[in-house]
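Notes for the structure review
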Amino acid sequence: MALALLVCGVVVALVVVGLFVFGLRRRLIQRSGGTFDCSLRWDAPGPEAEPEPSGKGWVYGVARYNGDRIEWFRVFSYAPRPRRVLERASIEVLERRTPKGEEELALLSDAVVLACLHSGTRLELAMSEDALTGFLAWLEAAPPGQRVNVA
C-alpha cells in the first residue's frame, strides 16, 4: 500500500513539474515581447489540391518577432529553440481566407488563415485578426531596398 502511494505521489509530482516547465517556457518565450498565438501548417497543399481543406497538419504555437525574422515555437514542446524561423524578405503572401470545413475545428475560433510562400515552401499561418494586422504591418515595414510581397 505504501509503495502504491509513493508511486502515485511521484507520478503526480512529475505531471506538476511537467506542466510548470511548459508554463515557464512560454513565459520565457514571451518575455522579450512581440509574441502572438499562431497556428502553422508547413508544406500546405495548394487550393487546387484541396477544395475543402482538412484540419490535418495544423500545429498550435506561439510566434515571436525578432528583427527581420519570425520565430515560431510549438506550444506543446520543451524545446528552447524555435521550430521554424521565417525571414521577412523570403515571405510572400498569397491569399487570406477564413477557415473552411474541418479547419474550423482545428484552429482557434477567431482565426484568419494566411497562405504564404517562404523560400519556395507553401505554408499557412492562422492567427487572430489583430495579430494578422500586426503581421502584415511588420511585413510592409521592411527596410528600404528589401523586396516585400504582400497580396
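Residues numbered from 1 in each chain as written. Predicted model: local features only at pLDDT ≥ 70, side-chain atom pairs only at ≥ 80, totals over all residues. Heavy atoms only, no water.

Together, Leu 3, Leu 6, Val 7, Val 10, Val 11, Leu 14, Val 15 and Leu 19 line one region of the surface with nonpolar side chains, adding up to about 780 Å² of accessible area. On the secondary structure map, Val 11 appears in helix H1 (residues 2-30). (Patch = residues over 30% accessible without salt bridge, like charges linked within 9 Å, V, L, I, M, F, W, Y side chains within 5 Å. Areas by Shrake-Rupley, 256 points an atom, 1.4 Å probe, with all protein chains shown as cover. Salt bridge = Lys/Arg side-chain N within 4 Å of Asp/Glu carboxyl O. Helix = DSSP H or I, 4+ residues; strand = E, 2+ residues; numbered from the N terminus.)

Once that is clear, we can look at the sheet that holds strand S3 (residues 61-66). Read from one edge of the open sheet, four strands run S1-S3-S4-S5, paired in antiparallel fashion. Both outer strands of the open sheet, strand S1 (35-37) and strand S5 (84-87), are each paired with one neighbouring strand and no more. Ignoring strand direction, the axes of neighbouring strands in this sheet form an average angle of 25°. The pairing of S3 with strand S4 (residues 69-74) spans six bridges and is classified as antiparallel. Bridging from a neighbouring strand, Tyr 65 pairs with Ile 70 of S4. In the packing of helix H3 (residues 129-140) onto the sheet, the strands contacted are S1, S3, S4 and S5, and the crossing angle to S3 comes to about 35°. (Pairing = 2+ DSSP bridges. Axes fitted to C-alpha atoms, helices over the stretch in contact; angles between N-to-C directions. Contact = heavy atoms within 4.5 Å.)

In the case of a regular strand, side chains alternate between the two sheet surfaces. As paired elements, S1 and S3 share three bridges and run antiparallel to each other. Each bridged residue has a counterpart across the sheet, and for Phe 36 the counterpart in S3 is Ala 63. Hairpin connection from S3 to S4: two residues lie between these consecutive antiparallel strands, with Gly 67 at a positive phi of about 65°.

For the rest of this paragraph, the subject is H3. Spanning twelve residues, H3 covers 17 Å between terminal C-alpha atoms, matching the ideal 16 Å at 1.5 Å per step. Taken together, the buried positions of H3 are occupied by Ala 131, Leu 132, Phe 135, Leu 136, Trp 138 and Leu 139. Summarising the axial view, the buried residues of H3 lie within an arc of 155°, below the 170-degree limit, and thus occupy one face. Those residues of H3 that are exposed and aimed more than 90 degrees away from the buried face are Asp 130, Thr 133 and Glu 140. (Expected span 1.5 Å × (residues − 1). Buried < 20%, exposed > 50% of the residue type's maximum accessible area, 1.4 Å probe, protein only. Arc of directions from axis to C-beta.)

Along the chain, Arg 64 turns up in strand S3. By relative accessible area, which is 16% here, Arg 64 ends up buried. The contact partners of Arg 64, leaving out residues within four places of it in the chain, are Leu 28, Ile 29, Ser 32, Gly 33, Gly 34, Thr 35, Arg 69, Ile 70, Glu 71 and Phe 73.

Read these as spatial facts, not as claims about activity.
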